[in-house]
Amino acid sequence: KEKLARTGTGGKARDFPDDGDDDPDLLVPAIPEDTPHIVYRPLKRTDDEILERSREYYELMAERRTVRSFSQEPIPQEVLDNLIRTAGTSPSGAHTEPWTFVVVQDQETKTAIREIVEEEEELNYNKRMSRQWVTDLKPFGTKPLKPYLSDAPALVLVFRQTHSWRDDGKKRMHYYSEISTAIAAGFLLAAIQYCGLVSLTSTPLNCNARLRDLLSRPINERLELLLPVGRPHEEATVPDLQRKSLEEIMVKI
Ligand code: IYR
């Protein structure tokens, strides 16, 4: 009855996540059904503290800028570990944690990534992207040449796992893997900003298969983002952009 109630093609409502096919021997949740629920009582803060913290966090995040020119100064391994730990605290559909963060510090691998991305971007800018798209990017000064990919001390490649496998070898569904991975990437960008480093939110077009192979990732993983992480180059500049005002982005009802 529940399935019939969903309208549209194949009995599935639009907005309904891919929920797989019911396998009669698999109607056992991937996480134990009898998982206990425990009391959650985080530190209680006063309204004044909450107000002060909301202001401070906004001011910190408003300072974040995408940087396209990086210093080669290395960053401590423990910092990278903590950034990825933070990204891993993100919420996810049915707690599937559908992400893998590949952190590349090895110079040869960074150079190999740069070569693949530059080769594809050359085609993107000259053939695959529309003239309108290329025109719209002009104010940002982006180019097919990407020195930051070999200069930045670390590259974080964010992969989305479309599904995984249970211990018994059966397929495990990853519901809402796109939005879950996007939220985790947001946590990561916020953590990078909080600790005082910078990043570039890049989405290399058409590089998925080649980078997945280079980094030996399995076929259930898809590259969503490539983030150089480090300190800005001393001469780094950013375009003088303004953000939309609160009134433009918020509707109060
Ligand atoms: N991926 C290309 C093009 C690009 C597209 C958008 I939309 C941007 O905001 C920035 C760049 C590149 O990295 O150059």
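Residues numbered from 1 in each chain as written. Predicted model: local features only at pLDDT ≥ 70, side-chain atom pairs only at ≥ 80, totals over all residues. Heavy atoms only, no water.

*Asks:* Describe the overall build of the protein, listing the residues and the values that go with them.
*Replies:* When its secondary structure is counted, the protein shows nine helices and six strands. Along the longest, intermediate and shortest principal axes, the C-alpha atoms of the protein span 60 × 50 × 40 Å. Long-range contacts, defined here as pairs at least 24 residues apart, represent 79% of the contacts in the protein between residues at least 6 apart. (Helix = DSSP H or I, 4+ residues; strand = E, 2+ residues; numbered from the N terminus. Contact = heavy atoms within 4.5 Å.)

*Asks:* Tell me what's going on with the site of the ligand, and back it up with residues and numbers.
*Replies:* Taken together, the neighbourhood of the ligand is formed by Arg-68, Glu-121, Tyr-125, Trp-133, Leu-137, Thr-142, Lys-143, Lys-146 and Thr-203. Between Glu-121 and the ligand, the recorded distance is 2.9 Å, taken from a side-chain N or O atom to a nitrogen atom. Residue Tyr-125 places a side-chain N or O atom 2.4 Å away from an oxygen atom belonging to the ligand. In isolation the ligand has 380 Å² of accessible area, and contact with the protein removes 70% of it. Within the shell around the ligand, the residues separate by chemical class into three nonpolar, two polar and four charged. (Near = heavy atom within 4 Å. Polar contact = N/O pair within 3.5 Å; in protein donor to acceptor, adjacent residues only side chain to side chain. Areas by Shrake-Rupley, 256 points an atom, 1.4 Å probe, with all protein chains shown as cover. Nonpolar A, V, L, I, M, F, W, Y, C, P; charged D, E, K, R; others polar.)

*Asks:* Tell me about unusual backbone geometry, residues and numbers included.
*Replies:* Only a minority of non-glycine residues have a phi that is not negative, and only a minority of peptide bonds are not trans. Positive phi, normally seen in glycine, also occurs at Glu-97, with a value near 45°. As for its placement among the helices and strands, Glu-97 is situated in the loop between helix H3 (77-87) and strand E1 (99-104). Look at Asn-206: it is not a glycine, yet its phi comes out positive at around 70°. Following the sequence through the fold, Asn-206 ends up in the loop between strand E5 (198-199) and helix H8 (208-214).

*Asks:* Can you tell me about the pairing of strand E2 (residues 154-161), naming the residues and giving the values?
*Replies:* In terms of burial, E2 is largely enclosed, as eight of its eight residues are buried. Alternating positions in E2 separate into two faces, Ala-154, Val-156, Val-158 and Arg-160 on one and Leu-155, Leu-157, Phe-159 and Gln-161 on the other, with burial throughout. As judged from the eight bridges shared by E2 and strand E6 (residues 221-230), these two strands associate in the antiparallel manner. Within E6, the position partnered with Phe-159 by the bridge is Leu-223. (Buried < 20%, exposed > 50% of the residue type's maximum accessible area, 1.4 Å probe, protein only. Pairing = 2+ DSSP bridges.)

*Asks:* Describe the packing of helix H2 (residues 47-62) against helix H7 (residues 177-195), naming the residues involved and giving the relevant values.
*Replies:* At a closest axis distance of 9 Å, the pairing of H2 and H7 adopts a crossing angle of 95°. The orientation of H2 relative to H7 falls into the category roughly perpendicular. Note on element contacts: H7 touches H2 through Ala-190, Gln-193 and Tyr-194, opposite Tyr-57, Leu-60 and Met-61. Residue classes in the contact of H2 with H7 are distributed as five nonpolar, one polar and no charged. (Axes fitted to C-alpha atoms, helices over the stretch in contact; angles between N-to-C directions. Parallel < 35°, antiparallel > 145°, perpendicular 65-115°, else oblique.)

*Asks:* Summarise the packing of H3 against H7; cite the residues concerned and give the values.
*Replies:* Direction vectors running N to C along H3 and H7 enclose 140°, while the axes themselves pass 8 Å from each other. The angle between H3 and H7 falls in the class oblique. As for the relative orientation of H3 and H7, their crossing is right-handed in sense. Listed contacts from H7 to Val-79, Leu-83, Ile-84, Thr-86 and Ala-87 of H3 are Ala-184, Phe-187, Leu-188, Ala-191, Ile-192 and Cys-195. Residues of the contact of H3 with H7, tallied by class, amount to 10 nonpolar, one polar and no charged. (Left-handed = near helix turned anticlockwise from the far one by under 90°.)

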